[in-house]
Amino acid sequence: TALREQEGGALKCFSPFEAEKKYREGAGGAEFVLVDVRQEAEWEEAHAIGAVNVPLFRPIEGSTFQDNRRRLAYAFMGVLNGTEENPRFLDNVLELTAGDRSAPVMCICREGGSLKETEVTPHGERSKSLIAAHLLLAEGWTRVYWVEGGFVQWYADGMPTTIDFDEIPVAD
């Protein structure tokens, strides 16, 4: 699959330390775009310094019969805040990369996921950042990465977050 065909046969992941360093230093002169794919409320609660929020999913919008049926189905399963794919996800990332699909994009979510096969997870562990990476690769981005362990590991490793630091915009 496209996920396993990047950089010598595998989608590249970075530890939080490596990811933060790559984000700070750039990659071959190109700036990394650090995309936090969690929902806006999670991102506002806390996020990696420099991360831009582009939710992969959003709360179900609209009030058509189909929208309400989906909400009801989620509620039946005990989920009161059902979500749907964000139809602007790819467009938003394209705007962040100024239309350059070769710009390096690093995705981060809550827990990061894994491509490692185990007895319990023979196809790896699914996550929002891996889903986002797959979508970006399928749509022609050539340098897509994800943060191993996601925001949970980023924070545990002591990388800069809005929990510990104020995010101050830097003037151009």
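So, here is what we can say about the structure in this document. As the structure is a computational prediction, the values presented were derived from the model and not from experiment.

Overview of helix α3 (residues 65-76)
Okay, so step 1: In this model α3 runs 16 Å from its N-terminal to its C-terminal C-alpha over 12 residues, within 8% of the 16 Å that 1.5 Å per residue would give.
Okay, so step 2: Looking one or two residues beyond α3, the residue adopting positive phi is glycine 78, at roughly 90°.

Quick look at the side chain of histidine 47
Okay, so step 1: Mapped onto the fold, histidine 47 is located in the loop between α2 (40-45) and β3 (52-53).
Okay, so step 2: A polar atom in the side chain of histidine 47 sits 2.8 Å from the backbone oxygen of tryptophan 43.

Quick look at the environment of glycine 82
Okay, so step 1: Note on placement: glycine 82 falls in the loop between α3 and β5 (83-85).
Okay, so step 2: You can call glycine 82 buried: its relative accessible area is 10%.
Okay, so step 3: Remark: the alpha-carbon pair of glycine 82 and arginine 70, spanning 12 residues in sequence, is separated by 7.6 Å.
Okay, so step 4: In this structure glycine 82 touches Arg58, Pro59, Ile60 and Tyr74, once residues within four positions along its chain are discounted.

Quick notes on the environment of threonine 97
Okay, so step 1: As for its placement among the helices and strands, threonine 97 is situated in the loop between α4 (89-96) and β6 (105-108).
Okay, so step 2: For threonine 97, a relative accessible area of 5% corresponds to the buried category.
Okay, so step 3: Spatially, the C-alpha atoms of threonine 97 and glutamate 31 are 9.3 Å apart, while their sequence positions differ by 66 residues.
Okay, so step 4: In contact with threonine 97, other than residues within four places in its own chain, are Val33, Ala103, Val105 and Trp141.

Here's the deal with the nonpolar core
Okay, so step 1: Ranked by size, the top nonpolar core spans 21 residues in total, and within it Leu11, Val37, Phe89, Val93, Val105, Leu136 and Val144 carry the most contacts.
Okay, so step 2: Those elements that place two or more of their residues in this core are β2 (33-36), α4, β6, α5 (128-138) and β7 (144-147).
Okay, so step 3: Per-element tally for this core: the top contributor is α5, with 5 residues.
Okay, so step 4: Those residues in contact with leucine 136 that lie beyond four places of it in its chain are Phe89, Leu90, Val93, Val105, Cys107, Trp141 and Val144.
Okay, so step 5: Listed in part, the 15 residues of the second largest apolar core include Ala19, Trp43, Ala51 and Val147.

Conventions adopted
- Within each chain, residue numbers correspond to sequence positions counted from 1 in written order.
- Given that this is a predicted model, residues contribute local features only at a pLDDT of at least 70 and side-chain atom pairs are listed and counted only at 80 or more, while totals for whole chains, interfaces and linings are drawn from all residues.
- Note that the side-chain values use all heavy atoms of the structure and ignore hydrogens as well as water.
- Helix numbers and strand numbers start at the N terminus; a helix is a DSSP run of H or I with at least 4 residues, a strand a run of E with at least 2.
- Residue count minus one, scaled by 1.5 Å, sets the expected span of a helix.
- Whenever a nitrogen or oxygen atom comes within 3.5 Å of another N or O atom, the pair is scored as a polar contact, on the condition that within protein one atom can donate a hydrogen and the other can accept it, and that pairs from neighbouring residues in sequence are kept only if both atoms are in side chains.
- Exposed residues in this analysis have more than 50% of their type's maximum accessible area, buried residues have under 20%, and partly exposed residues fall in between, with area computed by a 1.4 Å probe over protein chains only.
- Note on definitions: a residue-residue contact is assigned when non-hydrogen atoms from the two residues lie within 4.5 Å.
- Working definition of a nonpolar core: buried Ala, Val, Leu, Ile, Met, Phe, Trp, Tyr and Cys residues. They are joined through side-chain atoms within 4.5 Å.

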